[in-house]
Amino acid sequence: EIGWIAQGEQLEAAVIARHRAAPYDFIYERQSLWSRAGVGAASVLGIPCIMEVNAPLREEAQRYRKLAAVAQTQAIEHDVYSSADAIIAVSQGVKRHVIAAGGREETTHVMANGVDRDAFSSAIAPAAVTGLGTGPVIGFSGGLKHWHGIQDLLEAFRIVAAQIDEARLLIVGDGPKRSWIEGFAAGARLDDKVVITGWMAHEEIPALVRRMDIATAPYPAHEDFYFSPLKLFEYMAAGRPVVASALGQISDVIDHGRNGLLSRAGDSGSLAEELLKLCHDPDLADRLGRQAAVSSAAYSWRTIGERITVIAQSAGAGTLAKECVSS
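Presented here is an overview of the structure given in this document.

Definitions and limits used
Residues numbered from 1 in each chain as written. Predicted model: local features only at pLDDT ≥ 70, side-chain atom pairs only at ≥ 80, totals over all residues. Heavy atoms only, no water. Core = buried A, V, L, I, M, F, W, Y, C linked by side-chain atoms within 4.5 Å. Buried < 20%, exposed > 50% of the residue type's maximum accessible area, 1.4 Å probe, protein only. Helix = DSSP H or I, 4+ residues; strand = E, 2+ residues; numbered from the N terminus. Pairing = 2+ DSSP bridges. Right-handed = clockwise from strand over helix to strand, strands pointing away. Salt bridge = Lys/Arg side-chain N within 4 Å of Asp/Glu carboxyl O. Axes fitted to C-alpha atoms, helices over the stretch in contact; angles between N-to-C directions. Lys, Arg positive; Asp, Glu negative; His and termini not counted. Polar contact = N/O pair within 3.5 Å; in protein donor to acceptor, adjacent residues only side chain to side chain. Arc of directions from axis to C-beta. Contact = heavy atoms within 4.5 Å.

## Details of the nonpolar core
Ile 171 and Val 194 are the most contacted members of the largest nonpolar core, which has 95 residues in total. Ranked by residues supplied to this core, first place goes to helix 6 (residues 150-163) with seven residues. Formed by ten residues, the second largest nonpolar core is a distinct cluster that contains Ile 50, Ile 304, Ile 308 and Ala 312.

## Side note on the pairing of strand 9 (residues 242-245)
Of the two faces of strand 9, the one lined by Val 242 and Ala 244 and the one lined by Val 243 and Ser 245 are each fully buried. One ladder, built from three bridges, connects strand 8 (residues 214-217) with strand 9; its direction is parallel. Within strand 9, the residue paired with Thr 216 across the bridge is Val 243. Inspection of the sheet shows strand 9 paired to strand 10 (residues 261-263) by three bridges, in the parallel sense. By the bridge assignment for strand 10, Ala 244 is matched with Leu 262. Handedness of the crossover is the feature at issue here: the chain leaves strand 9, passes through helix 10 (residues 248-253), returns alongside strand 10, and the resulting connection is right-handed.

## A word on the pattern of salt bridges
Under the counting rule described, the total for this entry stands at twelve salt bridges. Notably, a salt bridge pairs Arg 36 with Asp 79, separated by 2.8 Å at the nearest N-O pair. Separated by 43 residues along the polypeptide, Arg 36 in the loop between strand 1 (27-30) and helix 2 (37-45) and Asp 79 in helix 4 (residues 70-83) bring together distant segments of the chain. One salt bridge in this structure joins Glu 155 and Arg 158, with 2.9 Å as the shortest N-O distance. You can see Glu 155 and its partner Arg 158 sitting in helix 6, three residues apart, about one turn around the helix. On the accessibility criterion, Arg 158 (36% relative accessible area) is partly exposed. Connected via shared salt-bridge partners are Asp 174, Arg 178 and Glu 182.

## A few points about the sheet that holds strand 10
The parallel open sheet is built from six strands, whose spatial order is 7-6-5-8-9-10. Single-partner strands in this sheet number two, and they are strand 7 (194-196) and strand 10. Taken pair by pair, the neighbouring strands of this sheet meet at an average axis angle of 25°, ignoring direction. Bridging between strand 5 (residues 137-141) and strand 6 (residues 168-172) involves five bridges; their strand directions are parallel. Residue pairing in the sheet places Val 137 in a bridge with Arg 168 of strand 6.

## A few points about the side chain of Arg 210
Tracing the backbone through its elements, the reader meets Arg 210 in helix 8 (residues 205-210). Within the buried set, Arg 210 has no salt-bridge partner at all; the shortest N-O distance to an opposite charge, 8.1 Å, is to Asp 286. A distance of 3.0 Å separates a polar atom in the side chain of Arg 210 from the backbone oxygen of Ser 122. Within polar-contact distance, the side chain of Arg 210 engages the backbone oxygen of Ala 238 at 3.0 Å.

## Some points on the environment of Ile 205
Here Ile 205 lies in helix 8. Residues Ile 205 and Ala 127, 78 residues apart in the sequence, show an inter-C-alpha distance of 9.1 Å.

## Details of helix 7 (residues 178-187)
All of the buried residues along helix 7 are Ile 181, Phe 184 and Ala 185. Viewed along the axis of helix 7, the buried residues span an arc of 95°, placing them on a single side of the element. Set apart from the buried face of helix 7 by more than 90 degrees, the exposed residues are Ser 179 and Gly 187. In this structure, the buried residues of helix 7 make contact with helix 6, strand 6 and strand 7. Within two residues after helix 7, Arg 189 carries a phi angle of roughly 60°, on the positive side.

## Points about the sheet that holds strand 2 (residues 49-53)
Each strand in a sheet pairs with another by means of backbone hydrogen bonds, the pair being arranged parallel or else antiparallel. Strand order across the open sheet formed by four strands is 1-2-3-4, with parallel pairing between neighbours. In this open sheet, the two strands that pair with only one neighbour each are strand 1 and strand 4 (108-110). Between one strand axis and the next, the sheet turns by 20° as a mean value, whatever way the strands run. Relative to strand 4, strand 3 (residues 86-89) runs parallel, the two being bridged by three bridges. Its bridge partner lying in strand 4, Ala 89 is registered against Val 110.

## Regarding unusual backbone geometry
One non-glycine residue, Arg 189, adopts positive backbone phi at about 60°. Turning to its location among the elements, Arg 189 is positioned in the loop between helix 7 and strand 7. For Arg 189, a relative accessible area of 71% puts it in the exposed group.

In structure tokens:
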């Protein structure tokens, strides 16, 4: 961990050196647990630093992994949050974390994650996937980790499959829960109805999402749901009807019955009910999918980039840049 902190210091020096050759108007950095490179270089160069924060990284490291340099990372985090000219938090939950850890309310902006709408488009042909048959395909895309709600999805699919024998579950991704999924499917006699692609390159995901008749984001109940799920925006841009847990930002993005359906978080019965609703009503599924694609325009990376540029200009980008003179 101390080595990673040293790498952050080396990065700061490299950014300063490159600025001398081709000056920047501002620095945009996605937060790293170990780096104050962006705010450090911006301070030396006299240009703004915009910091993107995707999660409470230190808290995640302490909760899910090992973290030895707690004091050092806490100091870096406070320095970054208090020094950045503006912070882009991907959700209200992340913003609350930023403020509690030293960020300023007036310079912390909430901006959800987004999607490349050209890559994820309803015009893309669905992928050919062996084993899915001709019945309704319920899908999930993402890392197979316990906080993604895979357990609830499998339980819900068992309910769906008991009523619709032709239904299939397409899981696009890999991760630590894969062996559990395979064991569950075998034990529930669903192994011929569950297809797991394994890890896929990102450019292959759009066609696989298009193969889903219903796309899911079945997150479990969470006291402080701070996620801004990329999969949600990708599903929507691809024109897929979405069933997602009514949590945090998801409830802001999905208007139940208009551009998707919401289920109770951690409730496999509620999830199954919404999935069956779409399986039995293709017209509703089609309408929700088309409206989801329209709604996704607000979350395109181009739109987000334009908003960030305005924030950078407000912070002085383009007017504060000055020649860096070595001391």
